[in-house]
Each structure stands twice: as structure tokens, then as C-alpha cells.
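# Report on the structure
For reference, the chains in residue letters:
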Amino acid sequence: MGQPLDDAALDTIFRTARTYNGYTDAPVTEADVARIYDLLKMGPTSVNQQSARFVWLLSQPAKDKLAGFASGSNAEKIRKAPASVIIAYDMNFHDHLIDFFPHAPEAKNWFPTEAGRREQAFRNSSLQGAYFIIAARALGFDTGPMSGFDNAKVDEAFFADQPGVKSNFISTLGVGDPSTLHDRSPRPGFDRFNRVI
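What comes next is a walk through the structure. In this text, all values refer to a predicted model and were calculated from it rather than measured experimentally.

Within the protein chain one finds eight helices and four strands. Listing the helices and strands of the protein chain from first to last along the sequence gives α-α-β-α-α-β-α-α-β-α-β-α. Relative to a compact globule of 197 residues, whose C-alpha radius of gyration would be 16 Å, the protein chain shows 18 Å and is just as compact. Over its C-alpha atoms, taken along the principal directions, the protein chain stretches across nearly 50 × 45 × 35 Å. Expressed as a percentage of its 197 residues, the buried residues of the protein chain come to 41%. The long-range fraction of contacts in the protein chain, counting pairs at least 24 apart against all pairs at least 6 apart in sequence, stands at 79%. Of the roughly 11,200 Å² that the protein chain leaves accessible, carbon and sulfur atoms contribute 55%. In the protein chain, which carries 21 positive and 23 negative side-chain charges, the distance between the mean positions of the two groups comes to 5 Å.

Attention now goes to the packing of helix α2 (residues 30–40) against helix α6 (residues 114–138). Between α2 and α6, the least distance of the axes is 8 Å, while the angle of their chain directions is 125°. Classed by the angle they form, the pair α2 and α6 counts as oblique. Read as a crossing pair, α2 and α6 show a hand that is right-handed. For the pair α2 and α6, the contacting residues are I36, L39 and L40 in the first and Q128, Y131, F132, A135 and A136 in the second.

Here the focus is the pairing of strand β3 (residues 142–146). Extensive coverage of β3 is indicated by the burial of four of its five residues. Pairing of β3 with strand β4 (residues 165–174) involves five bridges; the strand directions are antiparallel. What sits directly across from G144, in β4, is T172.

In this section: the packing of aromatic side chains. Counted under the stated rule, the structure contains seven aromatic pairs. Ring plane angle 90° and centroid distance 5.7 Å describe the contact between Y89 and F122, whose orientation is recorded as edge-to-face. Placement of the pair is Y89 in strand β2 (residues 83–90) and F122 in helix α6, with a sequence separation of 33 residues. Note on Y89: relative accessible area 8%, which makes it buried. For F122, a relative accessible area of 41% corresponds to the partly exposed category. Linked through ring pairs, Y37, F54, W56 and F132 together constitute an aromatic cluster.

Taking strand neighbours across the sheet as the criterion, the four strands line up as β1-β2-β4-β3 in an open arrangement whose pairing is antiparallel. Of all the strands in the sheet, just β1 (52–57) and β3 have a single pairing partner and so form its edges. Sheet twist, expressed as the mean angle between neighbouring strand axes with direction ignored, is 25°. Pairing of β1 with β2 involves six bridges; the strand directions are antiparallel. Its bridge partner lying in β2, W56 is registered against V85.

The rules behind these values
- Residues numbered from 1 in each chain as written.
- Predicted model: local features only at pLDDT ≥ 70, side-chain atom pairs only at ≥ 80, totals over all residues.
- Heavy atoms only, no water.
- Helix = DSSP H or I, 4+ residues; strand = E, 2+ residues; numbered from the N terminus.
- Rg over C-alpha atoms; globule rule 2.2 N^0.38 Å.
- Buried < 20%, exposed > 50% of the residue type's maximum accessible area, 1.4 Å probe, protein only.
- Contact = heavy atoms within 4.5 Å.
- Areas by Shrake-Rupley, 256 points an atom, 1.4 Å probe, with all protein chains shown as cover.
- Lys, Arg positive; Asp, Glu negative; His and termini not counted.
- Charge placed at Lys NZ, Arg CZ, Asp CG, Glu CD.
- Axes fitted to C-alpha atoms, helices over the stretch in contact; angles between N-to-C directions.
- Parallel < 35°, antiparallel > 145°, perpendicular 65-115°, else oblique.
- Left-handed = near helix turned anticlockwise from the far one by under 90°.
- Pairing = 2+ DSSP bridges.
- Phe/Tyr/Trp six-rings, centres within 6.5 Å; stacked < 30°, edge-to-face > 60°.

Right, dumping it as C-alpha cells:
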């Protein structure tokens, strides 16, 4: 069993961490995103399916391409961020279960329908997207996850050669600029949306 994190670590990951609208000029490197991925991949997914697929956009042309499919102010956020990432899901994740769930060679057959695979892949890629945010924060980076973009156009532009891969959400990535923050929005107390039975 792990040891509880101290207050400083909890602040870094949750309590004082924020969703950033802009970043400093500090770069994000390929080594940085590999470190983030090496952490996030350790988070649990159903039968270790690892259904998320990540496209890390470090070059300006790549960010500009993605920004062209974003709505409102999201486009400019993507263009100006040191990095952005597309978090997608692979409908054919079951083809890889022999590698990631080897103690059950029949696991590939547990997901016979496309609808069932889509539900599984979307749910677990969403989990992995959340692990991305936590891993980035744990390594000293900040994120700006967003949904305001044209999924179909992103899929066509970035996954045309992988028709089973579909975009879930996107995020900017870098070292956050505090001057771009709004006041923190309220969070609900425990009693509002929780029940103990």
C-alpha cells in the first residue's frame, strides 16, 4: 500500500492546480511528453486495455493544423501553447489485449460488438486523459483540457490512416501563466452530490 501524499503534493495535483488559458515561454520537449506518458500509462484501465491514443503536437504547424478545427477562443489557446495533445481512443483496442492482458488469451473475444468496444474505448481513454492531467501536474506542467472542436475534422486530419481511432478531447500543455487564470469556479460540498448508504 502506498503512503499518503503530503499537502504540497496534493496541492500540486488537485487543490491549487488550475486549468490554464495561457502559458509561459518554457518549452515542452519530446522527452517531457515521454515522461508524462510513462506515468499516465500506469493508471488502471479495464483489463489493462490501454485504449487511449495520444498525438503530441510540439511543432507550430501541427498546433496550427489542430487550431483550425477548434471553436471560439480555443484556437488561439492551441496556437500559443508550447504543446497540445489529442487524446483519442482506439476502437480496435481488443487486438492488443494479447500484449497487455496476456494471462487471458481469450480476452480479445470479450468485446464482440462495435458498440460495446466504443463504450469501453471511450470510457477508458477518458480515464487515461485524466491520468494525463494528473501526470502532467505531478511533473510540474499545467494543462488546458477542452471539448470545443470538430471531432470529425480532427479525426480526418490526424487519424485518416487509422479509421478505428476517434478523438475524445484535446488539451494544451505547458508551464501555466498565472496572469491568464480566472477566479476559481465553485466546487460542490460533499453533501450536495454524494450519498453514503
